[in-house]
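# Survey of secondary and tertiary structure
Below, each chain spelled out in residue letters.
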Amino acid sequence: MDVDAGHGAALGGALPTQPGELPLARRLRSLLTWPTTETDPVTHLVRAHRGIHANTDPSVLRRAYTIAENMHRGQFRKSGEPYITHPLAVAQICADLGMDTTTLVAALLHDTVEDTRYTLQALAEDFGPEVAHLVDGVTKFDKAFYGTAAEAETIRKMIIAAGKDVRVLIIKLADRLHNMRTLGVRSPASRQRIARATQEVLVPLCDRLGIQTLKRELDDVVLLHLEPDEHARIARHVHDRPGWDAYLAEVVARARVALRRSRVDAEVTPRPRHLYSIWKDTVAGGHSTPYDLPRIAVVVDGPATDCYAALGAIHGLWRPVPGRFKDFIASPKNNLYRSLHTSVRGPKDHTVEVLIRTEEMHRSAEYGIAANFRFPLAGGGAAARAEQLDWLRRVLDWEQDAADPAQFLQSLRCDLAEAQIQVFADGRQVLLPAGATPVDLAYELGTELGDHCLATRINGRLAPLSSELEEGDVVEIFTETDAANGFDADAAPRGPRREWLGFVKSPHAQMQISRWFAEHTEPGISITDKVRLGRATIGLALRKHNRGLASDLPLLRLSEELGYPDLETLLVAVFDRVIEPDAVVRQLIDLVDHRQ
Ligand code: MN
């Protein structure tokens, strides 16, 4: 199976026709072999790859292709094409992204272990452990063995594999992109299902990795399958915008002059929005016709400070629209996206959107995490990469706490669906899902802090632990050990409250709280035991006030007053921390003292 680069030519159309061969057999033969080196299917791939990474040896790509082609021979896509066209297209997407040779080899082989007799072990022997890890990471769990849990289990496995090597996710995204491009041949029901799953999990994953060039196409193809009429309407609008090109050409030309006058070296280009982005703004703004403003990108040739000089030049030329300036350089988005955004009153008083960024910002905006592979020598990559994967690390953290794959997938969906906010705590910026509370923050800062948090100060003021945090809030968390500072100094050591589960937002906090209760509730503890322990808890709390219970009567009355069906239910509630023992005791004392 060890095939070198000369193989294509040897199998090419130059093979002499065997004497006596029937024309049909000849035609079949020509279908099964590569007609000439020029159209050899790997050539295009190799060219794209070497166009970005000039010094790579393409022979391993040919070897991987040959094995994949052999293994998948006789298999066909739903479209009727030979199966090998799929892994080849996936590798091509990875090559266009600028991924390294290892990724391309794994992309070519990504379905062999799942769908052919080729084993992971053989793969590891032929191509090494790195490629084997990547292929294994995108290999689905068998539905026959894992049943309905297979999908969730597969995603969990992929995320864990990506924690070790993020290229797993990039191959998966390329795989899904090609499957989405060729979704047309599937039934409407499976088109809907696959497009929906892509929108829920893979598009947000792509966004978190910052790979806008992939995300744009995924967005548009999802829209095509989920809202075909809307897709057609927006596509029609984009296709026949009268005077649009001439208008943008004028904007670009005048911006260039203004920048040159301000001595800012910059490339100015039209920057059309993709269909999904136009559609989203149209729907969000309730517009009856597609809402789409002309947009240009200014990529400066200098450091970040040149972006502000460029901004000054543009604002000097055209009046800025108030409230539309955003500085994502000073405050990058959570996927590390950086740029200046502004809108101005352009020629003929039309609103024009302007993006301003450096070369480096532009590269990482387009390629995200893949920029580290596409521009390995650009520098600063390693640090950016580590930060970009913070999110993945957090997901892996709570992955360990998820009871089962279905819960993990549910939490992952929540995490991906949420908008995020940034707050300041502990001297740093912390990312939280929108609507998060100080309890979410405490768990984000550490499990110990979460379990023992007691009070919070938001922007210097005491606030309930259930308060919704806002973008930019400065938050302090206090625990039992801070009790000396005056917070509820009487508080007995305790863990999280059950009612926190009603307001925490992040899957991480939810899982940590559930974990605490699982650990602190004896498995299989009986109601009788809970009643006994609940009573003992109240006894202990009463002792702090130098009181005791002579009979059950006051407790019985209190349980009635609090609306519990019987005393046992109240005691179980105390044990489960649905109601605080201190609160019960206070009310108990009030009750007894008042009636005496
Ligand atoms: Mn595939």
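Counting restarts for each chain: residues are numbered from 1 in the order of the written sequence. Local features in this predicted model are restricted to residues of pLDDT 70 or higher, and side-chain atom pairs are both shown and tallied only at a pLDDT of 80 or more, whereas totals for entire chains, interfaces and linings draw on every residue. Calculated side-chain values reflect all of the structure's heavy atoms, with hydrogen atoms and water omitted.

### What about the overall build of the chain?
What counts is decided by this rule: Strands here mean DSSP runs of E at least two residues long; helices mean DSSP runs of H or I at least four residues long; both are numbered from the N terminus. By the convention used here, residues are in contact when the closest approach between their heavy atoms is within 4.5 Å. To measure how exposed things are, a 1.4 Å probe is used in the Shrake-Rupley method; for residues, cover is taken only from the protein chains shown.
On a plain count of helices and strands, the chain comes out with 30 helices and ten strands. Considering only contacts in the chain between residues 6 or more positions apart, those separated by 24 or more positions represent 64%. For the chain, the computed accessible surface area is about 29600 Å², with 53% contributed by carbon and sulfur atoms.

### Section: the packing of aromatic side chains
Rule in force here: Each pair of aromatic rings taken from Phe, Tyr and Trp, with Trp reduced to its six-membered ring, is defined by centres within 6.5 Å and is described as stacked if the planes are under 30 degrees apart, edge-to-face if over 60, and tilted in the remaining cases. To sort residues, take the accessible area from a 1.4 Å probe on protein chains only and compare it with the maximum for the residue type: under 20% means buried, over 50% means exposed, and anything in between is partly exposed. By definition here, charges over rings are those cases where NZ of Lys or CZ of Arg is within 6 Å of the ring centre and within 35 degrees of the ring normal.
What the rule picks out here adds up to four aromatic pairs. With centroids separated by 5.2 Å and ring planes inclined at 85°, the aromatic side chains of W516 and F517 adopt a geometry described as edge-to-face. Residues W516 and F517 agree in their burial class; the two are buried. When the ring centre of F375 is taken as reference, the NZ or CZ atom of R363 above it lies at 4.7 Å. Against the face of F517 rests R498, its NZ or CZ located 4.1 Å from the ring centre.

### Points about the coordination of the manganese ion
In a perfect tetrahedron of four donors around a metal, the angles come out at 109.5 degrees. In a perfect octahedron of six, they are 90 or 180 degrees. Selection rule: In this description, a donor is an N, O or S atom within 2.8 Å of the metal centre, a cutoff extended to 3.2 Å for sodium, potassium and calcium. Water is not part of the atom list, which can make sites seem incomplete.
Here the manganese ion is held by the protein donor atoms H86 (NE2), H110 (NE2), D111 (OD) and D175 (OD), which lie 2.2 to 2.3 Å from it. By relative accessible area, D175 is classed as buried at 8%.

### Quick word on the sheet that holds strand β8 (residues 453–458)
For clarity, the cut-off: Here a strand pair is declared whenever DSSP counts at least two bridges between the two strands. With axes taken as lines fitted to C-alpha atoms, and helix axes fitted only over the stretch in contact, angles between N-to-C directions fall between 0 and 180 degrees.
One open sheet accounts for three strands, arranged β9-β8-β10; its pairing is antiparallel. Strands with a single pairing partner mark the edges of an open sheet, and in this sheet they are β9 (461–463) and β10 (475–479). Neighbour to neighbour, the strand axes of the sheet diverge by 35° on average, direction disregarded. As paired elements, β8 and β10 share five bridges and run antiparallel to each other. Bridge assignment links R457 to a residue of β10, and that residue is E476.

### Considerations on the confidence of the model for the chain
Here is the rule we go by: Each residue carries a pLDDT value, the predictor's own confidence for that position, ranging from 0 to 100.
The predicted model of the chain has a mean per-residue pLDDT of 84, with 85% of residues at 70 or higher. Every residue in residues 1–21 is under pLDDT 50, and counting partners more than four places away or in other chains gives 24 contacts.

### Some words on the sheet that holds strand β2 (residues 295–300)
Reading across from one edge, β1-β2-β5-β4-β3 is the order of the five strands in this open sheet, with mixed pairing throughout. Either end of the sheet is taken by a strand with one partner, and the two such strands are β1 (266–270) and β3 (326–327). Sheet topology places β2 next to strand β5 (residues 351–358); six bridges connect them, and they run parallel. Counterpart to R295 in the pairing with β5 is E353.

### Topic: the packing of helix α4 (residues 59–72) against helix α6 (residues 101–108)
For clarity, the threshold we go by: The scheme is simple: roughly parallel for angles under 35 degrees, roughly antiparallel for over 145, roughly perpendicular for 65 to 115, oblique for anything else. Gly is put with the polar residues, along with every residue not named as nonpolar or charged; the nonpolar set is Ala, Val, Leu, Ile, Met, Phe, Trp, Tyr, Cys and Pro, and the charged set is Asp, Glu, Lys and Arg.
At a minimum axis distance of 9 Å, the contact between α4 and α6 shows a crossing angle of 10°. By the angle between their axes, α4 is roughly parallel relative to α6. Contacts from V60, L61, A64, Y65 and A68 in α4 reach T101, L104, V105 and L108 in α6. The residue inventory of the contact of α4 with α6, partitioned by class, reads eight nonpolar, one polar and no charged.

### Points about the nonpolar core
Within soluble globular proteins, side chains that are nonpolar generally end up buried alongside one another. Put simply, the test is: Residues enter a nonpolar core if they are buried and are Ala, Val, Leu, Ile, Met, Phe, Trp, Tyr or Cys, with the set joined through side-chain atoms within 4.5 Å. Boundaries between domains were set according to an automatic or database domain assignment.
Counting residues in each nonpolar core, the largest one holds 77 residues, and the members touching the most others are L109, F127, I159, L205, I211 and L412. Two domains share this core, each providing at least three of its residues, namely domain 1 (23–226) and domain 2 (242–375). Counting 25 residues, the second-largest nonpolar core is a separate cluster that includes V251, I296, V298 and L340.

### Topic: the side chain of D111
Mapped onto the elements of the fold, D111 is located in the loop between α6 and α7 (112–115). Dropping the residues within four chain positions of it, D111 is found in contact with H72, Y83, H86 and T116.

### Considerations on the pairing of strand β7 (residues 428–433)
By the bridge criterion, six bridges tie strand β6 (residues 420–425) to β7 in an arrangement that is antiparallel. Across the sheet, the residue bridging to F424 is Q429, located in β7.

### As for the pattern of salt bridges
Note the cut-off: A pair is scored as a salt bridge if a Lys or Arg side-chain nitrogen falls within 4 Å of a carboxyl oxygen belonging to Asp or Glu.
Inspection of every chain in the model, using the stated rule, returns 20 salt bridges. A salt bridge links D281 to R273; the shortest N-O distance between them is 3.7 Å. Of the charged contacts in the structure, one is a salt bridge between E360 and R338, with a shortest N-O distance of 2.7 Å. Remark: R338 occurs in the loop between β3 and β4 (340–345) and E360 occurs in helix α19 (residues 359–367); sequence separation between them is 22 residues. Assessed through its relative accessible area of 36%, E360 is described here as partly exposed. One network of salt bridges, with partners in common, ties together D100, E130, D165 and R167.

### Overview of the pairing of β2
For β2, the tally of buried residues reaches six of six residues, placing the bulk of the element in the interior. The two faces of β2 match: R295, A297 and V299 on one face and I296, V298 and V300 on the other face are all buried. Two strands pair when backbone bridges link them, and β1 and β2 are joined in this way by five bridges, in the antiparallel orientation. Along β2, the bridge assignment pairs V268 with V298.

### Side note on the side chain of S467
Take S467: it is sitting in the loop between β9 and β10. The class of S467 is buried, set by a relative accessible area of 16%. In contact with S467, other than residues within four places in its own chain, are A436, T437, P438 and I458.

### Looking at the packing of helix α15 (residues 228–239) against helix α17 (residues 275–284)
Contact pair α15 / α17: the axes reach a minimum separation of 10 Å and the direction vectors enclose 105°. What the angle tells us is that α15 and α17 run roughly perpendicular. From α15, E230, H231, R233, I234, A235 and V238 reach across to α17, where they touch L275, I278, W279 and T282. Among the residues making up the contact of α15 with α17, the classes are represented as six nonpolar, two polar and two charged.

### Quick look at the layout of surface pockets
Taking a probe equal in size to a water molecule and rolling it over the atoms shows the remaining empty space. This is how the line gets drawn: Site definitions follow a grid-based scheme: protein atoms alone, a 1 Å grid, a 1.4 Å probe that fits but cannot get out for cavities, and for pockets an open set with protein on both sides within 12 Å along at least five of seven lines, plus lining residues having an atom within 4 Å of a point. Grid points are joined across faces, edges and corners, and a volume is the space filled by probe spheres set on the points.
Size it by volume and the largest pocket reaches roughly 1500 Å³. When contributions to the lining of the largest pocket are tallied by element, the ones reaching two or more residues are α13 (188–208), α14 (212–226), α17, β4, β5, α19, α23 (405–417) and β6. Residues that form the lining of the largest pocket fall into these classes: 18 nonpolar, twelve polar and 18 charged.

### Points about the environment of D529
Along the chain, the position of D529 falls in helix α27 (residues 527–544). Taking the C-alpha atoms as reference points, D529 and V572, separated by 43 residues in sequence, lie 9.0 Å from one another.

### Focus on unusual backbone geometry
A positive phi angle, close to 65°, is found at D349, a residue other than glycine. Note that D349 resides in the loop between β4 and β5. A positive phi angle, close to 50°, is found at N459, a residue other than glycine. Relative to the helices and strands, N459 resides in the loop between β8 and β9. On the basis of relative accessibility, which here comes to 46%, the residue N459 falls in the partly exposed class.

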